[in-house]
Amino acid sequence: MIPAFWKVLKNFMNYVHFIGIGGISMSGLAKILLSNGVKVSGSDMKSSHLTDDLIKSGASVTIGHSADNIKDPDLVVYTAAISDDNPELCEARRRGIKSVERAELVGYIMKQYKTAIAVSGTHGKTTTTSMISHVLLENETDPTIMVGGELDAIGGNLRTGGKDIFLTEACEYHRSFLKFCYKIGIILNVDADHLDYFKDIDEIIDTFGDFAAKIPSDGVLIVSCDNENSMKAAKKANCAIITIGRHEADFTAKNITFDAFGKAHFDVYYKGEYVTDLMLGVIGTHNVYNALAAFACGVELGFDVEKIKHGIESFHGTHRRFEKKGYMGSIPVYDDYAHHPTEIKATLKTASKMEINEIWCVFQPHTYTRTKVLFDDFIKVLSYADHVVLADIYAAREKDTGLVSSKQLADKMENAVYFKTFEEIEDYIAKNAKDGDIVITMGAGDIYKVGEDLVKRK
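Conventions we followed
Residues numbered from 1 in each chain as written. Predicted model: local features only at pLDDT ≥ 70, side-chain atom pairs only at ≥ 80, totals over all residues. Heavy atoms only, no water. Helix = DSSP H or I, 4+ residues; strand = E, 2+ residues; numbered from the N terminus. Rg over C-alpha atoms; globule rule 2.2 N^0.38 Å. Buried < 20%, exposed > 50% of the residue type's maximum accessible area, 1.4 Å probe, protein only. Contact = heavy atoms within 4.5 Å. Phe/Tyr/Trp six-rings, centres within 6.5 Å; stacked < 30°, edge-to-face > 60°. Pairing = 2+ DSSP bridges. Axes fitted to C-alpha atoms, helices over the stretch in contact; angles between N-to-C directions. Polar contact = N/O pair within 3.5 Å; in protein donor to acceptor, adjacent residues only side chain to side chain. Salt bridge = Lys/Arg side-chain N within 4 Å of Asp/Glu carboxyl O. Core = buried A, V, L, I, M, F, W, Y, C linked by side-chain atoms within 4.5 Å. Arc of directions from axis to C-beta.

Draft legend 1. Examining the overall build of the chain more closely. A count of helical and extended segments in the chain gives 16 helices and 21 strands. Here the chain has a C-alpha radius of gyration of 22 Å; the compact-globule value for 458 residues is 23 Å, and the two agree. Counting only residues that meet the buried cut, the chain has 56% of its 458 residues in that class. Long-range contacts, defined as pairs at least 24 residues apart, comprise 64% of the intrachain contacts of the chain with a sequence gap of at least 6.

So, in structure tokens, the structure goes:
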């Protein structure tokens, strides 16, 4: 980090309080401040290994939100998911303490770097950011990296580095990424999501268009031309555009094959000319696009092709992205963060390429709004599994409206059952899954606990 920046910053920011400090992005921001001598406190609704790690790093963390948690900070940082009636946010505003949404602080920090890279898209942000992280490290740069998952190569979700490169995911929810400042922007795909906030797909496309428009004229937009909505958004860009895709694009993937585990091998072409081949360490067709985006980013940064290749090939996944948890007897158990129909379809189609018998998908829908709006889509994509076991909807930031439930989903499907508790789900899977099958726990909530319990069974 630029020392002069922190000297100026600390003139008005000696102590920062985070509401929701246990979130993957908030914890990363807190670590950046801690590593540069800023006093940090925060609160969250539950403890986790992330909050435990922050405490070890010197932060003061309280479980539960209360006005009493606001002491005398210079700044209060909150996430887009924090409601206006949160007692800590209300107290900070009552006392006139400066309060900013998380993305505003990220954007302020990004300004201090020579090259900031923002990876956006409805799907694939964490994986692509992680691939680029490997490329940066392979090329012996000293980047600051914020990932929306845990990446072994950087020992978690954050790496603090020098003053040249800042790499982060860029989320569209509440238009947060429009507060970022970046020279290289990536749009992987644009799909209908976060419909508790956005009116419709057109508004989402328009928002991604605003993301493209924020890139300065001397910057670059990397975008998938196989995704129609992404290309609509790219029309707003006022910078150079690099396209990726499987057909008509600057960077294309040709001669794609898959091994017995579903990992892709393909040739990379640039404007019709062969560049190199890639053998991915992660599975699925969707990761071909993520790898192309990472490859194009490496080329834009001026890196050696062989080092870009080695960086991408050395990536073998982040936690909760088709992560192998172990075995229940002889049956492999995986966990995946997929919670949108497009992501679920990609994961299940990927699993179908493996040498297995039947797929058991243990799915926990994420938020009532998403489940209700995309109800029919969930039914369609879950049909790619042989067996679906549904858990209750994970509420996250929402309250149960009584208008939609997991049982309603199960009732509309021939291959699905619903259980109220994780224990019932685990017993059902243990009793019915057979040798040669695969079990995948799926969702953005706490469904991963089912998989962790299953692998403890012999």
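Once the structure has been displayed, the description carries forward.
Draft legend 2. Main features of the packing of aromatic side chains. Counted according to the given criterion, the structure contains ten aromatic pairs. For the ring pair Phe 251 and Tyr 270, a centre distance of 4.7 Å and an interplane angle of 40° mean the geometry is tilted. Of the two residues, Phe 251 is situated in strand E13 (residues 251-258) and Tyr 270 in strand E14 (residues 263-270); the sequence distance between them amounts to 19 residues. A relative accessible area of 35% means that Tyr 270 is categorised as partly exposed. On the basis of an interplanar angle of 75° and a centroid distance of 5.7 Å, the ring pair of Tyr 269 and Tyr 274 is categorised as edge-to-face. Residue Tyr 269 is classed as buried on the basis of its relative accessible area, which comes to 17%. When its relative accessible area of 46% is taken as the criterion, Tyr 274 is described as partly exposed.

Draft legend 3. Just the sheet that holds strand E3 (residues 60-63), in detail. The five strands lie next to each other as E3-E2-E1-E4-E5, forming an open sheet whose pairing is parallel. At either end of the open sheet lies a strand with only one pairing partner, and these are E3 and strand E5 (99-101). Direction aside, the axes of adjacent strands within the sheet are offset by 20° on average. Bridge count between strand E4 (residues 75-78) and E5: three bridges; the pairing is parallel.

Draft legend 4. Inspection of the pairing of strand E1 (residues 15-19) at higher detail. Counting buried positions over the five residues of E1 gives five, a clear majority of the element. Of the two faces of E1, both are covered, the one formed by Tyr 15, His 17 and Ile 19 as well as the one formed by Val 16 and Phe 18. One ladder, built from five bridges, connects E1 with strand E2 (residues 39-44); its direction is parallel. Note that in E2 the partner of Phe 18 across the bridge is Gly 42. Inspection of the sheet shows E1 paired to E4 by four bridges, in the parallel sense.

Draft legend 5. Main features of the sheet that holds strand E19 (residues 387-390). Strand order across the open sheet formed by six strands is E16-E17-E21-E18-E19-E20, with mixed pairing between neighbours. In this open sheet, the two strands that pair with only one neighbour each are strand E16 (323-328) and strand E20 (416-418). Neighbour-to-neighbour, the strand axes of the sheet open up by a mean angle of 20°, direction not taken into account. Of the pairings in the sheet, the one linking strand E17 (residues 331-336) to strand E21 (residues 438-442) comprises four bridges and is parallel in character. Within the sheet, the bridge partner assigned to Asp 336 lies in E21 and is Met 442.

Draft legend 6. Just unusual backbone geometry, in detail. You will see that His 174, though not glycine, has its phi angle at about 60°, which is positive. Mapped onto the fold, His 174 is located in the loop between strand E9 (165-170) and strand E10 (184-187). Assessed through its relative accessible area of 29%, His 174 is described here as partly exposed. The phi angle at Arg 175 is positive, at roughly 60°, despite the residue not being glycine.

Draft legend 7. Up close: the side chain of Lys 309. Examined against the element boundaries, Lys 309 turns out to sit in helix H10 (residues 305-313). Within the local environment of Lys 309, its side chain forms a polar contact with the backbone oxygen of Asp 277, the two atoms lying 2.8 Å apart. What Lys 309 contacts, discounting residues up to four positions off in sequence, is Thr 276, Asp 277 and Leu 278.

Draft legend 8. Broad picture of the pattern of salt bridges. Taken as a whole and judged by the stated rule, the model has 19 salt bridges. The residue Lys 183 makes a salt bridge to Asp 218 at a minimum N-O spacing of 4.0 Å. One end of the pair, Lys 183, is in the loop between E9 and E10; the other, Asp 218, is in the loop between helix H7 (201-213) and strand E11 (220-224), with 35 residues separating them in the sequence. Residue Lys 183 is classed as partly exposed on the basis of its relative accessible area of 31%. Here Arg 457 ties to Asp 427 by a salt bridge, and the two come within 2.8 Å at their closest N and O atoms. Within this pair, whereas Arg 457 is found in the segment after helix H16 (448-454), its partner Asp 427 is found in helix H15 (residues 422-432), the two being separated by 30 residues in sequence.

Draft legend 9. Region of the structure containing the nonpolar core. Counting residues in each nonpolar core, the largest one holds 48 residues, and the members touching the most others are Phe 18, Phe 166, Ile 187 and Leu 221. Looking at this core, the element that brings in the most residues is helix H2 (residues 24-35), giving six residues. Excluding anything up to four places from it in sequence, Phe 166 contacts Ile 32, Val 106, Ile 109, Met 110, Tyr 113, Thr 115, Ala 116, Ile 117, Thr 144 and Met 146. Ranked by size, the runner-up nonpolar core spans 39 residues in total, among them Ile 132, Val 135, Leu 280 and Leu 292.

Draft legend 10. Focus on helix H4 (residues 87-94). Looking at H4, one finds that the buried residues are Glu 88, Leu 89, Glu 91 and Ala 92. Looking straight down H4, one finds that the buried residues subtend no more than 160° of arc, so they occupy a single side. Residues of H4 that are buried in the fold lie against E1, E2, E4 and E5. Structurally, the start of H4 carries an N-cap: the backbone nitrogen of Glu 88 is 2.9 Å from a side-chain oxygen of Asn 86. Phi for Gly 96, located one or two positions after H4, is positive at around 75°.

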